[in-house]
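One letter stands for each residue in the lines below.
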Amino acid sequence: MDLVAHIKRLAGDAPVRIGLVLGSGLGHLAEAVDGVAIPYTDLSGFPHAGVSGHNPKLVIGDLEGVRVAVFGGRMHYYESGNPAAMRLPLEVLKGLGADSLILTNAAGSLRADIPPGDLMLLSDHINLSGANPLIGEKTDARFVPMTDAHDEGLRGQLKAAAARAGVDLPEGVYAWFSGPSFETPAEIRMAKVLGIDAVGMSTVPEVILARFLGLKVAAISTITNMGAGLSDERLSHEHTKAMAPLGAAKLEKVIRETLRHLR
Ligand code: HPA
């Protein structure tokens, strides 16, 4: 892939070990990487739009002694109607040599014991959007098994790292609502009945794409609010961005500690 060769020319040939996608308000970690930052606008075919609170650049370099590729921004389904918007970035990640991917997002909690500011590791997900990034894929590879999509080994590493770092990391089921409008209180009550622990507008298409590409994947939500109707907070993107830093510090600890043990 031309793009992979182009990125290697800029950032060096050494294979990337692991990819990180940073969610709303979590872009800070991209600045912690000692390496080369390439704006998405310099990467032909990369999603250019993006949501405020994201940091649309690819940073390749060293974090805690591990060579990482950090995607400072993601493209959401709701931005263009294309659920496969992150396919090229993830193909590039694979092309750079990575075998694993950690996704992060901001999410609304349905669990009183996982309040805003806390993290949740995705044990599994539910796709409530009706969309799938593999619709239109022509090969039989599109029939991706999702039985153990959220990699047990990687989840174990994240949980062990969280324990060492003294950060609570409960597991739960995340549901993908398309957005960009937030859920209604009735939708949140429905989600609760369905066994859903947190809701958000991203991540699930990237989990599907990662499994399609043969990347191991795990995802962590930073809880920015309680689901609609579960508290008096008024939901807004401003609120999400304002609250994300609360969990971001914990997320950074968990990710750094995970990488330290990968070294
Ligand atoms: N719903 C959907 N997406 C979100 C939420 C929410 O409550 N909070 C942050 N992202």
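Higher on the page you've got the structure.
Keep in mind that what you see is a predicted model, and the values were worked out from it rather than measured. (Residues numbered from 1 in each chain as written. Predicted model: local features only at pLDDT ≥ 70, side-chain atom pairs only at ≥ 80, totals over all residues. Heavy atoms only, no water.)

Thoughts on the side chain of S100
Let me state the cut-off plainly: Comment: elements are numbered from the N terminus, with helices defined as DSSP H or I runs of at least four residues and strands as E runs of at least two. Here a polar contact is recorded for every N or O atom pair within 3.5 Å, except that within protein the pair must consist of a potential hydrogen donor and a potential acceptor, and residues adjacent in sequence are included only if both atoms are side-chain atoms. Working rule for contacts: check all heavy atoms of both residues, and any pair within 4.5 Å makes them a contact.
When you line up the elements, S100 lands in strand β5 (residues 100–109). Of the polar contacts made by the side chain of S100, one reaches the side chain of D99; its length is 2.8 Å. The residues touching S100, leaving out its near neighbours within four places in the chain, are R17, I18, G19, L93, L154, L215 and K216.

Some remarks on the packing of helix α4 (residues 152–165) against helix α7 (residues 237–262)
Here is the rule we go by: Fitting a line to C-alpha atoms yields each axis, with helices limited to the stretch in contact; the angle taken between N-to-C directions then spans 0 to 180 degrees. When an angle is under 35 degrees it counts as roughly parallel; over 145 it counts as roughly antiparallel; between 65 and 115 it counts as roughly perpendicular; any other value is oblique. Two helices that cross are described as forming a left-handed crossing if the nearer one is turned anticlockwise from the farther one by less than a right angle, and a right-handed crossing if clockwise.
Put simply, α4 and α7 touch, their axes get as near as 8 Å, and they point 110° apart. In terms of orientation, α4 lies roughly perpendicular with respect to α7. For the pair α4 and α7, the crossing hand works out as right-handed. On α7, the residues that touch Q157, L158, A161, A162, R164 and A165 of α4 are K253, V254, E257, T258, H261 and L262.

A closer look at the site of the ligand
Convention followed: In this text, near means that some heavy atom of the residue lies within 4 Å of the molecule or strand in question. Here the Shrake-Rupley method, with its probe set to 1.4 Å, supplies the accessible areas, and only the displayed protein chains count as covering residues.
The environment of the ligand is made up of A106, A107, G108, F182, E183, V199, G200, M201, T224, N225 and T240. Within the backbone of G108, an N or O atom sits 3.4 Å from a nitrogen atom of the ligand. Here a nitrogen atom of the ligand and a side-chain polar atom of N225 are 2.7 Å apart. For the ligand, the protein covers 96% of the area, taking 260 Å² as the surface of the free molecule. Listing elements by their share of the shell around the ligand, those giving two or more residues are β5, β8 (198–200) and β9 (216–226). The leading source of residues in the shell around the ligand is β5, at 3 residues.

Observations regarding the environment of R111
Take R111: it is sitting in the loop between β5 and β6 (119–127). Considered as a pair, R111 and M226 are 115 residues apart in the sequence and their alpha carbons are 7.8 Å apart. Excluding anything up to four places from it in sequence, R111 contacts E171, K192, D197 and M226. Within the local environment of R111, its side chain forms a polar contact with the side chain of D197, the two groups lying 3.3 Å apart.

Considerations on the environment of A242
Stated precisely, the cut-off is as follows: Buried means the residue's accessible area, taken with a 1.4 Å probe over protein chains only, is under 20% of the maximum for its type, while exposed means over 50%, and partly exposed covers the values in between.
Here A242 shows up in helix α7. On the basis of relative accessibility, which here comes to 54%, the residue A242 falls in the exposed class. Residues A242 and S24, spaced 218 residues apart in sequence, show a C-alpha to C-alpha distance of 9.8 Å.

With respect to the pairing of β6
For clarity, the cut-off: One requirement defines pairing of two strands: DSSP has to find at least two bridges between them.
As judged from the 3 bridges shared by β6 and β9, these two strands associate in the antiparallel manner. Within the sheet, the bridge partner assigned to M120 lies in β9 and is S221.

Let's talk about the pairing of strand β3 (residues 57–63)
β3 sits mainly inside the fold: 6 of its 7 residues count as buried. Here 6 bridges tie strand β2 (residues 34–39) to β3, and the two strands are oriented antiparallel to one another. Paired with I38 across the strands is L58, a residue of β3. Alignment of β3 against strand β4 (residues 66–71), held across 6 bridges, turns out to be antiparallel. Pairing of L58 across the sheet is with F71, part of β4.

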